[in-house]
Amino acid sequence: MRDRMEAGLPAGGVVVFALVVSLAGIGVPGLWFDEVATLAASQRSWDALGRMLTDVDAVHAAYYALMHVWLGVVGYTPALLRVPSALAVAATAGVVAEVARRLWGRAAAIVAGAAFVVLPRTVWMAIEARSFAMATLFLSLGVLFMLRALTTGLRRYWVANTVVTAVACVLFFYCYLALPALWVAAGWQMRAQRRPLGPLVASSAAGVLPALPVALMAIGQRGQVSWIPLVGPGDVVALPRVFLGGFLGDLFPMRIVVVSSLALVLAVAVALWGLVERLRSASGEAGSEGRSGVRGEPGESASLGGGPLAVLLLGWAGLPALALLAAGTVLPLYDPKYCAISAPALALVVGAGLTGLLDARRSVMRAVCAALAAVALGGLGVQYWAAIRQPDAKGDVLAVARTVGAVKRPGDGLWIQHDSLARVARYAYPDDFAGMRDLTLDRDLEGSPTLWETEIPIADAGLRLAGVRRVIGVSLTARDASDELATLTRLGFREDGVRDVGDYRVWILERRS
């Protein structure tokens, strides 16, 4: 019992660290468009959510269902909307630490878990109210259960692997892209141990089948990602952004992004150097003792040999990005955030590599390189954590809501520029719009068959303007609002003030005497 508690200490400590890092300031950044989409879908009734999913976002159906239950229990605030992602990141950190402990020991567990927590992509994922964190958790659990199945041969671990893999793919079907690395690694190890591949084949097939309907529905709704540009040479050069987090261009000057990318590449290169050294050393020790594999619990067979382990880690870390980059040259599929599921693999590489170089038997130069790489990764995490926790880090939605809340008066009319989707500010921060009369809303989220509401033109809002003395409008600065303003002028209003708020413009219009 005591040994089991001691074995769980690294994972437990990492989970606490992850909770502190992820939950601190979680509600400070304003929600952005994608997060409001989660809110807009999850606050519907089950019937309305079902109707919406037949039109759009079927790929997120499982996540929206979970969030519907969560919000129904705890209620809504921007922080509470993000808490499930923070909890999933903390749990994943524990899983990463446990995988590293079983493969390489306690020191690697602590470093790998901490590395996962401070990776900028993880920092982003922890306060992003989307399915990435949950999917990453279940994919990581799949790796842990696969390793347990390989070391023990017990059927229950193959069953557990099947279940969590299915959940991961249903939550985010791009998890499919990481699975070949897991399958090849496990198959290689099982063949080396002269074990039948039946359990692996059965578990793999059963794990991917439940998500196939989701994938087919997503293909039918592929027009919703038509905004994604095709992959160009710049995307290949900017590949480090996969692990550097979101909103980089908005948070940092380009020179900082470039320096951060170089720092990440160099730190990962050092970690890969250490990983190669560790695998080479383990291979030599295994060969001299007439066995195969990298570490195993007492009384268990080794979990993975050097070759299978390299396939697992490097395939998991790189295959999703490479596959999406290749497919993205002809289809709108690639966005760096879609590769967030690879963050645990990179953390495992860092944990194994840096602790390998820091081994007392190594040279001082290797230890210094490992320490510098650790400092670089920690610095990237701290820099990104501080930047992403600014109120405007994710865009202007919060600022728009606060501006409207500051200038509105009870009974004011609300005009939202047609097709601007600026009403997201009202959904995210309803208190700032309380007491206003929405002039152009047709069907609200509950009644709309699509992700967003439907609208009427402002020209048809004459009856709704009866008794309204002031109108507060929100438009996009990049789109001409003159036609709708002219309509409001004909309806008896004149401009009384304008506030520019990032990409939006807030108008104040008074009825002429």
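Since this is a predicted model, take the numbers as computed values, not measurements. (Residues numbered from 1 in each chain as written. Predicted model: local features only at pLDDT ≥ 70, side-chain atom pairs only at ≥ 80, totals over all residues. Heavy atoms only, no water.)

A.B. asks: Help me out: how do you make sense of the overall build of the chain in this one?
C.D. replies: The secondary structure content of the chain amounts to 22 helices and 5 strands. C-alpha extents for the chain along the principal axes are approximately 95 × 50 × 45 Å. For the chain, the proportion of its 513 residues judged to be buried stands at 54%. As presented, the chain carries roughly 21,400 Å² of accessible surface, and 64% of it is formed by carbon and sulfur atoms. Where the 46 positive side-chain charges of the chain centre and where its 39 negative ones centre are 7 Å apart. (Helix = DSSP H or I, 4+ residues; strand = E, 2+ residues; numbered from the N terminus. Buried < 20%, exposed > 50% of the residue type's maximum accessible area, 1.4 Å probe, protein only. Areas by Shrake-Rupley, 256 points an atom, 1.4 Å probe, with all protein chains shown as cover. Lys, Arg positive; Asp, Glu negative; His and termini not counted. Charge placed at Lys NZ, Arg CZ, Asp CG, Glu CD.)

A.B. asks: In this structure, what is going on with empty space enclosed by the protein? I would like to understand it.
C.D. replies: The method is simple in principle: a probe with the dimensions of a water molecule rolls over the atoms, and the space it marks as empty is what remains. Tallied over the full model, the rule gives 4 cavities of 30 Å³ or more. Lining the largest cavity are Met146, Trp158, Asn161, Thr165, Leu179, Leu182, Trp183, Leu200, Ser203 and Ser204. Taken together, the residues that form the lining of the largest cavity break down as 6 nonpolar, 4 polar and no charged. (1 Å grid on protein atoms, 1.4 Å probe; cavity = no way out; pocket = protein on both sides within 12 Å on 5 of 7 lines; lining within 4 Å. Points joined across faces, edges and corners; volume = space filled by probe spheres on them. Nonpolar A, V, L, I, M, F, W, Y, C, P; charged D, E, K, R; others polar.)

A.B. asks: How should I be thinking about the packing of helix α8 (residues 132-152) against helix α10 (residues 179-192) in this particular structure?
C.D. replies: The angle between the axes and the distance between the axes are what describe a pair of packed helices. Between α8 and α10, the least distance of the axes is 11 Å, while the angle of their chain directions is 5°. With respect to their mutual orientation, α8 and α10 come out roughly parallel. Residues Leu139, Val143, Met146 and Leu150 of α8 touch α10, and the partners they reach there are Leu179, Leu182, Ala186, Gln189 and Met190. Looking at side-chain class alone, the contact of α8 with α10 contains 8 nonpolar, 1 polar and no charged residues. (Axes fitted to C-alpha atoms, helices over the stretch in contact; angles between N-to-C directions. Parallel < 35°, antiparallel > 145°, perpendicular 65-115°, else oblique. Contact = heavy atoms within 4.5 Å.)

A.B. asks: It is not clear to me how the pairing of strand β4 (residues 493-501) should be interpreted in this structure. Could you clarify?
C.D. replies: Across a regular strand the side chains alternate sides, sitting on one face of the sheet and then on the other. Inspection of the sheet shows β4 paired to strand β5 (residues 504-511) by 8 bridges, in the antiparallel sense. By the bridge assignment for β5, Arg499 is matched with Val506. Connecting β4 to the next strand, β5, in antiparallel fashion are 2 residues, including Gly502 with a positive phi near 60°. (Pairing = 2+ DSSP bridges.)

A.B. asks: Honestly, the environment of Ser475 in this entry has me stumped. Any pointers?
C.D. replies: Tracing the backbone shows Ser475 in strand β3 (residues 470-476). Distance from Ser475 to His418, taken between C-alpha atoms, is 8.3 Å for residues 57 residues apart in sequence. With sequence-adjacent residues up to four places away left out, Ser475 is seen in contact with Gln417, Ala481, Asp503, Tyr504, Arg505 and Trp507.

A.B. asks: Honestly, unusual backbone geometry in this entry has me stumped. Any pointers?
C.D. replies: Most peptide bonds adopt trans geometry, and most residues besides glycine take a negative phi value. With a phi angle near 60°, Asp419 is a residue other than glycine that sits in the positive phi range. Tracing the chain through its elements places Asp419 in the loop between β1 (413-416) and α21 (424-428).

A.B. asks: How should I be thinking about the sheet that holds β3 in this particular structure?
C.D. replies: Strand pairs in the sheet, formed through backbone hydrogen bonds, run parallel or antiparallel to each other. Taken in spatial order, the 5 strands line up as β2-β1-β3-β5-β4 in an open sheet, and their pairing is mixed. The strands lining the two open edges of the sheet, one partner per strand, are β2 (437-438) and β4. Helix α22 (residues 482-490) rests against β1, β4 and β5 of the sheet, and its axis sits at about 150° to β1.

A.B. asks: How should I be thinking about α8 in this particular structure?
C.D. replies: Owing to its 3.6 residues per turn, the α-helix brings residues three or four apart onto one side. Helix length check: α8 (21 residues) gives 30 Å between terminal C-alpha atoms against 30 Å at 1.5 Å per residue, within 8%. Extensive coverage of α8 is indicated by the burial of 18 of its 21 residues. Trailing α8 by a residue or two, Gly153 shows a phi angle of about 75°, which is positive. (Expected span 1.5 Å × (residues − 1).)

A.B. asks: What's the story with the packing of aromatic side chains in this structure? I'm lost.
C.D. replies: What describes a pair of aromatic rings is the distance from one ring centre to the other and the angle between the planes of the rings. Applying the stated criterion to the full structure yields 11 aromatic pairs. On the numbers, 5.2 Å between centres and 50° between planes, the contact of Phe33 with Trp452 is tilted. Placement of Phe33 in helix α2 (residues 33-42) and of Trp452 in the loop between β2 and β3 is noted, with a sequence separation of 419 residues between them. On the numbers, 6.3 Å between centres and 45° between planes, the contact of Tyr63 with Tyr64 is tilted. Through successive ring pairs, a cluster of aromatic residues spans Trp124, Phe132, Phe172, Phe173, Tyr174 and Tyr338. (Phe/Tyr/Trp six-rings, centres within 6.5 Å; stacked < 30°, edge-to-face > 60°.)

A.B. asks: I keep staring at the nonpolar core and nothing clicks. Help me out?
C.D. replies: Generally speaking, soluble globular proteins have nonpolar side chains that are buried together. By size, the foremost hydrophobic cluster in this structure holds 157 residues, and its most contacted members are Trp104 and Leu348. Broken down by element, this core gets its largest block of residues, 14 residues, from helix α5 (residues 78-104). Sequence-distant contacts of Leu348, defined by excluding residues within four places in its chain, comprise Val96, Val99, Ala100, Trp104, Ala112, Leu313 and Trp316. If you look at the next biggest cluster of nonpolar residues, it comprises 13 residues, including Leu439, Leu465, Val471 and Trp507. (Core = buried A, V, L, I, M, F, W, Y, C linked by side-chain atoms within 4.5 Å.)

A.B. asks: Can you help me understand the packing of α10 against helix α11 (residues 198-208) in this one?
C.D. replies: The geometry of α10 relative to α11 is characterised by a closest axis approach of 11 Å and an angle of 170° between their N-to-C directions. On the basis of the axis angle, α10 is roughly antiparallel to α11. When the axes of α10 and α11 are compared, the crossing they make is right-handed. Of the residues in α11, those in contact with Leu179, Trp183, Ala186, Gly187 and Met190 of α10 are Leu200, Ser204 and Val208. Grouping the constituent residues of the contact of α10 with α11 by class yields 6 nonpolar, 2 polar and no charged. (Left-handed = near helix turned anticlockwise from the far one by under 90°.)

A.B. asks: Sorry, what's going on with the pattern of salt bridges here?
C.D. replies: A side chain of one charge can pair with a side chain of the opposite charge when the charged atoms of the two come close. A full pass over the atoms with the stated rule returns 18 salt bridges. One salt bridge connects Arg82 with Glu35, and the closest N-O pair in it is separated by 2.8 Å. Linking Arg82 in helix α5 with Glu35 in helix α2, this pair joins segments that are 47 residues apart in sequence. Across the salt bridge formed by Glu277 and Arg366, the nearest N and O atoms sit 3.3 Å from each other. In this pair, Glu277 is assigned in helix α16 (residues 254-288) and Arg366 in helix α19 (residues 364-388), connecting sequence segments 89 residues apart. What makes Arg366 partly exposed here is its relative accessible area of 21%. (Salt bridge = Lys/Arg side-chain N within 4 Å of Asp/Glu carboxyl O.)

A.B. asks: Whenever I open this one, the side chain of Asp57 confuses me. Can you help?
C.D. replies: Secondary-structure assignment places Asp57 in the loop between α3 (46-53) and α4 (61-74). Despite its burial, Asp57 remains without a salt bridge, the nearest opposite charge being carried by Arg130 at 4.4 Å. A polar atom in the side chain of Asp57 sits 2.5 Å from the side chain of Gln224. Dropping the residues within four chain positions of it, Asp57 is found in contact with Met52, Tyr64, Arg130, Gln221, Gln224 and Leu451. (Polar contact = N/O pair within 3.5 Å; in protein donor to acceptor, adjacent residues only side chain to side chain.)

Spatial relationships are all this shows, so hold off on functional conclusions.
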